[in-house]
Amino acid sequence: MASLSGIFPCDVVVEILARLPARSVIQFRRVSKSWRSLLSGRYFATIWLNRSGSSLLVLPLEWDNRDECSLVFENVTIGRQHLMLPVSNQWLSLSLVGSSGDGSLICLAGLSYVRQGTSKLSIILWKPFRDEVRFLSQHGYIYCNHRSLCSESQLLGYSSGCCDQYQVHGFGYVPNAQDYKIVRITYSRGGAAAAPIRPWHIEVYSLGQNKWTSHGRPSFTWMIRGNSRAYVNGAAHWLAAPTEEALYDSIVAFGLEEESFRQVFPLPRTGYLSQFSLHARGKATLSVLHGSLALIAFTLWNREECGIWVMGKYGVDTSWTKQHHIVLPMGATCRAALGLTWHDKIVLRMVDERLVYFDLQGAQITEVGVEIDANESSFDVIDLGRGNPTLRNQGDPGFPLPMLDLE
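Keep in mind the model is a prediction, meaning the values are calculated, not measured. (Residues numbered from 1 in each chain as written. Predicted model: local features only at pLDDT ≥ 70, side-chain atom pairs only at ≥ 80, totals over all residues. Heavy atoms only, no water.)

### Quick notes on the overall build of the chain
Right, on to step 1. What the chain contains, in helices and strands, is six helices and 27 strands.
Right, on to step 2. For the chain, the proportion of its 407 residues judged to be buried stands at 57%.
Right, on to step 3. Partitioning the intrachain contacts of the chain with sequence separation of at least 6 by distance along the chain shows that 51% fall at a separation of at least 24.
Right, on to step 4. Total accessible area on the chain stands at roughly 17,200 Å², and carbon and sulfur atoms take up 51% of it. (Helix = DSSP H or I, 4+ residues; strand = E, 2+ residues; numbered from the N terminus. Buried < 20%, exposed > 50% of the residue type's maximum accessible area, 1.4 Å probe, protein only. Contact = heavy atoms within 4.5 Å. Areas by Shrake-Rupley, 256 points an atom, 1.4 Å probe, with all protein chains shown as cover.)

### Notes on the sheet that holds strand S20 (residues 292–298)
Right, on to step 1. Here we have four strands laid out as an open sheet, ordered S19-S20-S21-S22, and antiparallel in their pairing. Edge positions in the open sheet fall to strand S19 (285–289) and strand S22 (320–327), since each of these has one partner strand only. Taking each pair of neighbouring strands and ignoring which way they run, the sheet shows an average axis angle of 30 degrees.
Right, on to step 2. Here S19 pairs with S20 via five bridges, running antiparallel. Across the sheet, residue Thr285 finds its bridge partner in S20, namely Ile296. (Pairing = 2+ DSSP bridges. Axes fitted to C-alpha atoms, helices over the stretch in contact; angles between N-to-C directions.)

### Quick look at the packing of aromatic side chains
Right, on to step 1. Within the structure shown, the criterion is met by eight aromatic pairs.
Right, on to step 2. Judged by centre distance (5.7 Å) and plane angle (15 degrees), the ring pair of Phe171 and Tyr180 falls under stacked. Both residues of the pair, Phe171 and Tyr180, belong to the buried class.
Right, on to step 3. With a centroid separation of 4.9 Å and an interplanar angle of 55 degrees, the aromatic rings of Tyr173 and Tyr180 are classed as tilted. There is no split in this pair, since Tyr173 and Tyr180 are both buried.
Right, on to step 4. Positioned above the aromatic ring of Trp200 is the side chain of Arg217, whose terminal nitrogen or guanidinium carbon lies 3.7 Å from the ring centre.
Right, on to step 5. Sitting above the plane of the Tyr357 ring, Lys345 keeps its charged end 4.9 Å from the centroid. (Phe/Tyr/Trp six-rings, centres within 6.5 Å; stacked < 30°, edge-to-face > 60°. Lys NZ or Arg CZ within 6 Å of the ring centre and 35° of its normal.)

### Considering the pattern of salt bridges
Right, on to step 1. Tallying each qualifying case throughout the model produces four salt bridges.
Right, on to step 2. Note that Lys181 is salt-bridged to Glu259, the shortest N-O span being 2.9 Å. Highlighted residues: Lys181 in strand S10 (residues 179–188) and Glu259 in the loop between strand S16 (250–255) and strand S17 (260–261), separated in sequence by 78 residues. For the pair Lys181 and Glu259, a shared accessibility class is recorded, and that class is buried.
Right, on to step 3. The salt bridge partner of Asp317 is Arg269, with a shortest N-O separation of 3.9 Å. With Asp317 in the loop between strand S21 (305–311) and S22 and Arg269 in the loop between strand S18 (265–266) and S19, this residue pair connects regions lying 48 residues apart in the sequence. (Salt bridge = Lys/Arg side-chain N within 4 Å of Asp/Glu carboxyl O.)

### Concerning unusual backbone geometry
Note: most residues except glycine have negative phi, and most peptide bonds are trans.
Right, on to step 1. Here the phi dihedral of Asn210 falls at roughly 55 degrees; this positive angle occurs in a residue that is not glycine.
Right, on to step 2. Checked against the element boundaries, Asn210 lands in the loop between strand S11 (198–206) and strand S12 (211–214).
Right, on to step 3. Unusually for a residue other than glycine, His290 sits at a positive phi of about 50 degrees.

### Examining the pairing of strand S23 (residues 334–340)
Right, on to step 1. Here S23 lies mainly inside the structure; five of its seven residues are buried.
Right, on to step 2. Summarising the sheet, S23 and strand S24 (residues 345–350) pair through five bridges and their orientation is antiparallel. Bridge pairing in S24 places Gly339 opposite Val347.
Right, on to step 3. Counting the residues that bridge the hairpin from S23 to S24 gives four residues, and of these Asp344 lies at a positive phi of roughly 55 degrees.

### Remarks on the pairing of strand S9 (residues 165–174)
Right, on to step 1. Among the ten residues that make up S9, ten are buried, leaving the element largely enclosed by the rest of the structure.
Right, on to step 2. Burial of S9 is two-sided: the residues Gln165, Gln167, His169, Phe171 and Tyr173 facing one way and the residues Tyr166, Val168, Gly170, Gly172 and Val174 facing the other way are all buried.
Right, on to step 3. Counting the residues between successive antiparallel strands, the hairpin from S9 to S10 contains four residues, one of them, Gln178, with a positive phi of roughly 50 degrees.

Okay, here's the thing in structure tokens:
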């Protein structure tokens, strides 16, 4: 780096290296200590992602390919990169919990097999731009009464009807504490196989302090599902229903700074919303659009239309407005909406197992570029948040841990 700096200014060197594909960046870190320091830093990671355009991390949940994921870039000159996940074969499957604003820190949930009918779910923190990983302590056993293992329901955070518990997670950055935190909410039957499942235990992990803090049993009875995909205003948000089989009618928020639940928000109060599916199996989901809380819901009669509502002023019930109504082209049927990107696109999983972007402004469909085998059980997707205006304020937590490979 010193010899190059003598020829070119440092910022020019960074611009040159930021044009490299991910595999080359990993290889060039081994040139010297100064290159490793430069290419492992948050500044370079931010420049590299900005050069790459929007990026999606696509993680398969199937057993056969559990050690590989895809990093897909909007910039076609970079295209798709295969990443080897920093985990061993002890993990039967993985899911995504969340990521930092620039994708430099990714939170995963990993399911491991213990014995017949018994498994464990753990949290994994991964820094792909620094080749580091941390495995957090495993949390108890999950018992399945009728099946050998309910991997998808456990990873995606919902009750399969035969397991004694499931967990949901939220992940986010707390600016005042300059810390990343994870909230884990456990739903349990309390040891009785026939008992209804209900909120049982809340824990919060602090990356800065490297410890879990127990907050005991929650005082609410709301049923929520899945890892939060909507971290807004310092809180993780979930769609909520009064009972397991009821329709979603509210939003539950957990503030990571105060480590407690906030007020419960009602969904948009409009008769038009009654035309959209708000059942837990109807694939309604929360996301974030330009920093605001957003609701995505499909119509009751098909999976070719969906609406997007945005809460214009956080916490104000009357500020919900419907901003988009999507009608897919003839013959294009969606299985689920996976979230919104910072570039006004919605990521859709189609019934033929394609991943596509739908441009909210141009109403055009483009392929994400990941081929999914129709026989695979499932996969998870997260937008790494390129363009997030808060990323420059986020601290870069350091934890020196093992290397990972990039194919």
